[in-house]
Amino acid sequence: VVLWLLIASFIIMIGTMALREHDGLRTYNDLGDLDQALWNTAQGRLFQMTNYEGISSRLSLHAELILVPLSLLYRVWSDARALILFQSALLALGAWPLYQLAREALRRDWAALGIVLLYFLHPAVSGAALMLVYPTAWGGVFLAFAFYFLRRPARLTSAAAPRANSSSVAFWVCAVLALMCKEDMPLLVAMLGLYAALIMKRRRLGLA
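A brief look at the structure comes next. (Residues numbered from 1 in each chain as written. Predicted model: local features only at pLDDT ≥ 70, side-chain atom pairs only at ≥ 80, totals over all residues. Heavy atoms only, no water.)

1. Some remarks on the overall build of the protein chain
Reasoning step 1: Across its full length, the protein chain holds 11 helices and 2 strands.
Reasoning step 2: Seen in sequence order, the protein chain has helices and strands lined up from the N terminus as α-α-β-β-α-α-α-α-α-α-α-α-α.
Reasoning step 3: Relative to a compact globule of 208 residues, whose C-alpha radius of gyration would be 17 Å, the protein chain shows 18 Å and is just as compact.
Reasoning step 4: Structurally, the protein chain occupies a C-alpha span of about 55 × 35 × 25 Å along its principal axes.
Reasoning step 5: Buried positions account for 44% of the 208 residues belonging to the protein chain.
Reasoning step 6: Sequence-distant contacts, at least 24 apart, represent 66% of the contacts inside the protein chain between residues at least 6 apart.
Reasoning step 7: When the accessible surface of the protein chain is totalled, it reaches about 11,300 Å², and 67% of it is carbon and sulfur.
Reasoning step 8: Positive and negative side-chain charges in the protein chain, numbering 18 and 12 respectively, have mean positions lying 17 Å apart. (Helix = DSSP H or I, 4+ residues; strand = E, 2+ residues; numbered from the N terminus. Rg over C-alpha atoms; globule rule 2.2 N^0.38 Å. Buried < 20%, exposed > 50% of the residue type's maximum accessible area, 1.4 Å probe, protein only. Contact = heavy atoms within 4.5 Å. Areas by Shrake-Rupley, 256 points an atom, 1.4 Å probe, with all protein chains shown as cover. Lys, Arg positive; Asp, Glu negative; His and termini not counted. Charge placed at Lys NZ, Arg CZ, Asp CG, Glu CD.)

2. Examining empty space enclosed by the protein
Reasoning step 1: Tallying each qualifying case throughout the model produces 1 cavity of 30 Å³ or more.
Reasoning step 2: Each pocket or cavity is described by its volume, and for the largest cavity that value is around 60 Å³.
Reasoning step 3: Surrounding the largest cavity, Ala18, Thr27, Tyr28, Leu31, Ile84, Ala128, Ala129, Leu130, Met131, Leu132 and Val133 form its lining.
Reasoning step 4: Considering every element that reaches the lining of the largest cavity, the biggest residue donor is helix α7 (residues 123-131), with 4 residues. (1 Å grid on protein atoms, 1.4 Å probe; cavity = no way out; pocket = protein on both sides within 12 Å on 5 of 7 lines; lining within 4 Å. Points joined across faces, edges and corners; volume = space filled by probe spheres on them.)

3. Looking at helix α8 (residues 135-151)
Reasoning step 1: With 17 residues, α8 should reach 24 Å at 1.5 Å per residue; the first-to-last C-alpha distance of 25 Å fits that figure.
Reasoning step 2: Residues of α8 that are buried include every one of Pro135, Ala137, Trp138, Gly139, Val141, Phe142, Leu143, Phe145, Ala146, Tyr148, Phe149 and Leu150, and no others. (Expected span 1.5 Å × (residues − 1).)

4. A short note on the packing of helix α1 (residues 2-23) against helix α6 (residues 109-121)
Reasoning step 1: As a packed pair, α1 and α6 sit with axes 11 Å apart at the nearest point and diverge in direction by 5°. Classified by the angle between their axes, α1 and α6 sit roughly parallel to one another. Every residue of α6 that contacts α1 at Val2, Leu3, Leu6, Ile7 and Phe10 is listed here: Leu113, Val116, Leu117 and Phe120.
Reasoning step 2: Across the contact of α1 with α6, the residue classes tally to 9 nonpolar, no polar and no charged. (Axes fitted to C-alpha atoms, helices over the stretch in contact; angles between N-to-C directions. Parallel < 35°, antiparallel > 145°, perpendicular 65-115°, else oblique. Nonpolar A, V, L, I, M, F, W, Y, C, P; charged D, E, K, R; others polar.)

It is worth stressing that arrangement in space is one thing and function is another; only the former is reported here.
Set out below in structure tokens:
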């Protein structure tokens, strides 16, 4: 209950502050770039943008394939504010796998909640939420979920094979979402593969 109260509080507080920054014309031009490319993608013109001379596709700057599924959001609410609130919620949800991993390592619920609180107070997290809307920040959340699902089968008994299989599927979903956030994410996902192969002895998964 405390964990979800912290998550909800972060979404409300940071989301409200970020919207005020945007309304006060204090958000960066990166948000405009992303907003235009996302809007064009939602209209069927994948990754198109016009605000850089000689560049007609955001793929010329970054490989952010996550914009394709995210463009569905602009089918519902075509506004940069939708991106701001989406990022605030996603960064907040990153506390959930962090809590689970911390509770496993520290074996104390209150200590795991302390780690979550440090996560929310970290300048990199609040700074990303308030100053930039950027897929790189989203990739960090997907990596946290991927690492949680990677480790989850190690805590299950042999009788829980279906749950272990579902964790493997969830790992791949989160890993692919992380890969789609930016061109440098594959190196981080490869590190998860090394961890799976060398530390968890799941060599086939790690190699894949």
